[in-house]
Amino acid sequence: MARRAAELDAFAAEAAGAGGKIIPMPGDVTDRKAMDELVSAVEARHGAIALAFLNVGTFFPDSENDFGGDGFRKTFAVNVEGTINLLGPLIRVMRERGRGQIAVNASVAGYGGLPRAIAYSSSKSALIAMCESLKFDLDRAGITIQVVCPGFVETPLTDQNEFPMPFLIPVQEAGRRICSGFETKGFEIAFPKRMAFILKFMNMLPYGLYFALLSRITGR
Ligand SMILES: NC(=O)c1ccc[n+]([C@@H]2O[C@H](COP(=O)([O-])OP(=O)(O)OC[C@H]3O[C@@H](n4cnc5c(N)ncnc54)[C@H](OP(=O)(O)O)[C@@H]3O)[C@@H](O)[C@H]2O)c1
């Protein structure tokens, strides 16, 4: 899923060259009606969706004097509402069949509030809590829900970052970790393990220590 059809076509051609098959379905996740139609179109043309990976997300660096400005609202529109726009129709069709698998790409940045990422961090926290809450219902409906929590991965999204990115991994490595997580069907697919563990541990600390440690590490 992406808006730029030409980029998707190029990706599909690359996959075909390597013996794979990708059928591009361009669309904008912030368009609720279009996402409803897209899920129906995929099912009508290609059959029941067995596994959906909701990967789309965006990041705008915080603008210090503009809390709640355009970048902040776009982050929530894409990361949170965009995910809801796809989760709605996917859960509907999978519930009818009593089976299916959905993975939502969140981030280790959603474990707790991080400096320089107010909108991003809080949007990803919302996704993690959303998947946790959904799991109680979806387990009973026969649908597997998973949350993907990557650390830093080399992509165009992180190319813009000027701050240090510890444990940065290549995108191919992230792809491998995510695919093997699909197979295990465990609730959380988190990597690199060291990054996930450090942030999880920090979030178990009393707030005084959490804020002091993160300020020290990030210089904020
Ligand atoms: N890179 C990291 O370090 C990292 C770490 C943790 C989590 N993540 C998460 O991983 C996911 C992928 O990130 P990435 O690093 O690959 O980001 P990216 O390089 O910026 O790619 C984002 C993709 O989403 C598409 N997109 C953006 N807005 C869209 C919209 N409104 N509707 C449909 N498609 C849209 C973009 O294509 P178009 O512009 O053509 O629409 C692009 O293909 C995101 O959810 C991100 O938060 C990334």
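Below is a short write-up of the structure. All figures in this text were calculated on a predicted structure; none of them were measured in a lab.

Rules used throughout
The numbers attached to residues start from 1 for each chain and follow its sequence in the written order. It should be noted that, the model being predicted, local features are given only for residues of pLDDT at least 70 and side-chain atom pairs only at 80 or more, the latter also being counted only at that level, while totals for whole chains, interfaces and linings use all residues. Numbering of helices and strands starts at the N terminus; helices are DSSP runs of H or I of at least 4 residues and strands are runs of E of at least 2. For the exposure call, what matters is how many other C-beta atoms sit within 10 Å of a residue's own: 20 or more marks it buried, 12 or fewer exposed, and in between partly exposed, using C-beta atoms placed from the backbone. Contact between two residues is assigned whenever their backbone-derived C-beta positions fall within 7 Å. Any residue whose backbone-placed C-beta atom lies within 6 Å of a molecule or strand is treated as near that molecule or strand. Polar here means any residue other than Ala, Val, Leu, Ile, Met, Phe, Trp, Tyr, Cys and Pro, which are nonpolar, and Asp, Glu, Lys and Arg, which are charged; Gly is therefore polar.

Describing the overall build of the protein chain
Thought 1: Helix and strand counts for the protein chain stand at eight helices and four strands.
Thought 2: Put simply, the protein chain runs from its N terminus to its C terminus through helices and strands in the order α-α-β-α-β-α-β-α-α-β-α-α.
Thought 3: Over its C-alpha atoms, taken along the principal directions, the protein chain stretches across nearly 55 × 40 × 35 Å.
Thought 4: Taken across its 220 residues, the protein chain has 27% of its residues classed as buried.
Thought 5: Taking the contacts inside the protein chain whose residues are at least 6 apart along the sequence as the reference set, 61% of them involve residues at least 24 apart.

Considering the site of the ligand
Thought 1: Taken together, 23 residues are adjacent to the ligand, and Arg 3, Arg 4, Gly 57, Thr 155 and Leu 157 come closest.
Thought 2: Of all the elements in the fold, those that place two or more residues in the shell around the ligand are α3 (70-97) and α5 (156-159).
Thought 3: With three residues, α5 is the largest single contributor of residues to the shell around the ligand.
Thought 4: In terms of residue class, the shell around the ligand is built from ten nonpolar, nine polar and four charged.

Comments concerning unusual backbone geometry
With glycine set apart, most residues show a phi of negative sign, and most peptide bonds adopt trans.
Thought 1: Here the residue pair Phe 191 and Pro 192 is connected by a cis peptide bond, since its omega of -15° sits within 30 degrees of zero.
Thought 2: Looking at where Pro 192 falls in the secondary structure, it is placed in the loop between β4 (188-191) and α7 (193-204).
Thought 3: Look at Phe 167: it is not a glycine, yet its phi comes out positive at around 60°.

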